[in-house]
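Observations on the model geometry
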Amino acid sequence: MVNNNNYTTDCGDNVYVIIVAAGSGTRFGSEIPKQFMPLAGKAVLLHAIDTFAKAMPKARTVVVLSDDGMSRWNEIAAHNYANIMCVKGGAARSESVANAINAISGTFDNESIVMIHDGARPLVNADMICNMLSHIRRKDVDAVLPVMPLTEALAINDGDYAIPTDRIKYCNAQTPQVFKATKIKQAYDLAKGDTMADDAAIAAKYADIKILKVAGHAQNIKITNPNDLEIAKIYLRNPLPYRK
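Residues numbered from 1 in each chain as written. Predicted model: local features only at pLDDT ≥ 70, side-chain atom pairs only at ≥ 80, totals over all residues. Heavy atoms only, no water.

1. Remarks on the pattern of salt bridges
One side chain can pair with another of opposite charge once the charged atoms of both are near each other. Using the following cut-off: We count a salt bridge whenever a side-chain nitrogen from Lys or Arg sits within 4 Å of a carboxyl oxygen from Asp or Glu. Helix and strand definitions follow DSSP, with helices as H or I runs of at least four residues and strands as E runs of at least two, each counted in order from the N terminus. Note on exposure labels: buried denotes an accessible area under 20% of the residue type's maximum, exposed denotes more than 50%, and partly exposed covers the range between, all computed with a 1.4 Å probe on protein chains only.
Applying the stated criterion across every chain, the model contains twelve salt bridges. In this structure, D68 and R72 form a salt bridge, with 2.8 Å as the shortest nitrogen-oxygen distance. Here the residue D68 and the residue R72 both occupy positions in helix α2 (residues 67–76), the gap between them amounting to four residues, near one helical turn. Residue D68 is classed as partly exposed on the basis of its relative accessible area of 38%. For R72, a relative accessible area of 22% corresponds to the partly exposed category. The partner of D118 in a salt bridge is R93, with the nearest N and O atoms 3.0 Å apart. Highlighted residues: D118 in strand β6 (residues 113–118) and R93 in helix α3 (residues 93–104), separated in sequence by 25 residues.

2. Considerations on unusual backbone geometry
Between T175 and P176 the backbone carries a cis peptide bond, its omega angle lying at 10°. Among the secondary structure elements, P176 is positioned in the loop between β10 (171–173) and β11 (177–180). In this structure, N14 is a non-glycine residue whose phi angle is positive, near 65°. By secondary structure assignment, the location of N14 is in the segment before β1 (15–21).

3. Regarding the packing of helix α5 (residues 181–191) against helix α6 (residues 199–206)
Quick note on the threshold: Only C-alpha atoms enter the line fits that serve as axes; for helices the fit covers just the stretch in contact. Angles between N-to-C directions range over 0 to 180 degrees. Geometric relationships in this document are graded by angle, where less than 35 degrees denotes roughly parallel, more than 145 denotes roughly antiparallel, 65 to 115 denotes roughly perpendicular, and other angles denote oblique. Any two residues whose heavy atoms approach within 4.5 Å are treated as being in contact. Note on residue categories: nonpolar means Ala, Val, Leu, Ile, Met, Phe, Trp, Tyr, Cys or Pro, charged means Asp, Glu, Lys or Arg, and polar means any other residue, Gly included.
It is the contact of α5 with α6, at a shortest axis distance of 8 Å, that shows an interaxial angle of 80°. On the basis of their axis angle, the class for α5 and α6 is roughly perpendicular. Within the contact between the two elements, α5 uses I184, A187, Y188, L190 and A191 and α6 uses D199, I202, A203 and Y206. Considered class by class, the residues forming the contact of α5 with α6 number eight nonpolar, no polar and one charged.

4. Focus on the side chain of S96
Within the secondary structure, S96 sits in helix α3. Each residue touching S96, except ones within four places of it in the same chain, is listed here: V20, A22, V64, G89 and G90.

5. Thoughts on the packing of aromatic side chains
Put simply, the rule is: Stacked, edge-to-face and tilted are the three classes for Phe, Tyr and Trp ring pairs, Trp counted by its six-membered ring, which pair at centre distances within 6.5 Å; planes under 30 degrees apart are stacked, over 60 edge-to-face, the rest tilted.
A full pass over the atoms with the stated rule returns two aromatic pairs. Taking 5.2 Å as the distance between ring centres and 70° as the angle between the ring planes, the aromatic pair formed by Y16 and F108 counts as edge-to-face. Taken as a pair, Y16 in strand β1 and F108 in the loop between α3 and β6 lie far apart in primary sequence, 92 residues in all. When its relative accessible area of 2% is taken as the criterion, Y16 is described as buried. When the ring of W73 is compared with that of Y81, the centres are 5.9 Å apart and the planes differ by 55°; the resulting orientation is tilted. Each member of the pair, W73 as well as Y81, carries the same accessibility label: buried.

6. Topic: the nonpolar core
As a reminder, the rule being used: Side-chain atoms within 4.5 Å link the members of a nonpolar core, which is a set of buried Ala, Val, Leu, Ile, Met, Phe, Trp, Tyr and Cys residues.
In this structure, L45, I49, M56, V63, W73 and M115 are the most contacted members of the largest nonpolar core, which totals 35 residues. Secondary-structure elements contributing two or more residues to this core are β1, α1 (44–55), β4 (60–65), β6 and α4 (126–136). The element best represented in this core is α4, accounting for seven residues. Beyond its immediate stretch of four places on either side in the chain, W73 contacts F36, L45, L46, I49, V63, L65, A78, Y81, I84 and C86. With 26 residues, the next largest nonpolar core counts I18, V62, A143 and I184 among its residues.

7. Here we look at the environment of G193
Mapping G193 onto the fold places it in the loop between α5 and α6. What makes G193 exposed here is its relative accessible area of 65%.

The following block contains the structure:
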């Protein structure tokens, strides 16, 4: 079944969506963590949750929260999002994801899929989600990563100097990052507390898998500072189409 937004609404069977929202957001400079900041009438975190639910109604969602985040969640979302599992986060992002995977791994089978997304990325696109899901269903793919090309020149830090390098070799990695569930569980079991930049890095190092890249989305920004909220408001008023 396809709706007017051009994404399928019958996908999501045997899919788990982990939303990582346990960070304190110290760089954001607010007493309220950025994932709980208001954006167009609801918390940043809820925008992503709602998009996943529309794109994949059958998927099961897990939100990873700090102790403070649990209290905030209970205030703003517990009633309307009662079907969502909440898991306590860890000291680092990798530990938070590991906690979520361990909480749900008892129900994994060989066909299960795990999508892992940053709670501070409110504008994830439903068409991108379903495009990634179609690729991860392939027998020859164990992980899918959305990427965006770099648009500025790139240089390597070398003390007081900079070494220009070719940007064509690099790209920006976004979330959600999508995995065969057994593969990402294996990777985190072997990582044993290792902290890395993201889940794709853990999967590449510890599960030794090649990661298929797909097109990311320009509006899939991560809220890092207050100005990003203003940019997100503009995108909400003027959404961009997803181009594979």
